[in-house]
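# Geometric and topological summary
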Amino acid sequence: MMVVVTNNVPPRLRGRLAVWLLEIRAGVYIGNYSAKTRAMIWDNVCELIGDGDAVIAWAAPNDAGFEFETFGTNRRIPVDFDGLRLVSFLPE
């Protein structure tokens, strides 16, 4: 299972994501694909994102049970804390 959340992205990217994933809320897409297809979808997000930002999360066999990546400018920054990925907030 994977989840993609977008903010301030062009309509072209929203349409492209809607081809592969189900948009359950505005800017929130879910689906269940292989790692190769997930990587292709994420490459499209990074290519078409414009001034927006996005995060992708997927199920993974680790202690947290998931992995995630971000792209674009956002206050939330992924950090590695002794092998556990957490999110740090930048000041406004």
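Our subject in this report is the structure included herewith. (Residues numbered from 1 in each chain as written. Predicted model: local features only at pLDDT ≥ 70, side-chain atom pairs only at ≥ 80, totals over all residues. Heavy atoms only, no water.)

### Re the overall build of the protein chain
The secondary structure content of the protein chain amounts to two helices and seven strands. Relative to the globule expectation of 12 Å for 92 residues, the C-alpha radius of gyration of the protein chain, 13 Å, shows essentially globular dimensions. Scored against the burial criterion, the 92 residues of the protein chain give a buried share of 26%. By element, 55% of the accessible surface of the protein chain is carried by carbon and sulfur atoms, the whole surface being about 6,100 Å². Taking the average place of the 9 positive charges on the side chains of the protein chain and the average place of its 11 negative ones, the gap between the two points comes to 8 Å. (Helix = DSSP H or I, 4+ residues; strand = E, 2+ residues; numbered from the N terminus. Rg over C-alpha atoms; globule rule 2.2 N^0.38 Å. Buried < 20%, exposed > 50% of the residue type's maximum accessible area, 1.4 Å probe, protein only. Areas by Shrake-Rupley, 256 points an atom, 1.4 Å probe, with all protein chains shown as cover. Lys, Arg positive; Asp, Glu negative; His and termini not counted. Charge placed at Lys NZ, Arg CZ, Asp CG, Glu CD.)

### Here's the deal with a nonpolar patch on the surface
On the surface, a nonpolar cluster with roughly 480 Å² of combined accessible area is contributed by Ile77, Val79, Phe81, Leu84, Leu86 and Leu90. It is strand β6 (residues 76–81) that contributes the most residues to the nonpolar patch, three residues altogether. Along the polypeptide, leucine 86 turns up in strand β7 (residues 84–89). Given the relative accessible area of 37%, leucine 86 is considered partly exposed. (Patch = residues over 30% accessible without salt bridge, like charges linked within 9 Å, V, L, I, M, F, W, Y side chains within 5 Å. Salt bridge = Lys/Arg side-chain N within 4 Å of Asp/Glu carboxyl O.)

### With respect to the pairing of β6
As paired elements, β6 and β7 share six bridges and run antiparallel to each other. Within β7, the residue paired with proline 78 across the bridge is valine 87. Linking β6 back to β7 in an antiparallel pair, the connection comprises two residues, with aspartate 82 at a positive phi of about 55°. (Pairing = 2+ DSSP bridges.)

### A few points about the sheet that holds strand β4 (residues 53–59)
In sheet architecture, strand pairing relies on hydrogen bonds along the backbone and comes in two forms, parallel and antiparallel. The sheet built from five strands is open, its strands ordered β2-β3-β1-β4-β5 with antiparallel pairing. The open sheet has two edge strands with one neighbour each: β2 (22–25) and β5 (66–71). Adjacent strand axes in the sheet meet at a mean angle of 20°, parallel and antiparallel pairs treated alike. Across four bridges, strand β1 (residues 2–7) lies against strand β3 (residues 28–31) in antiparallel orientation. (Axes fitted to C-alpha atoms, helices over the stretch in contact; angles between N-to-C directions.)

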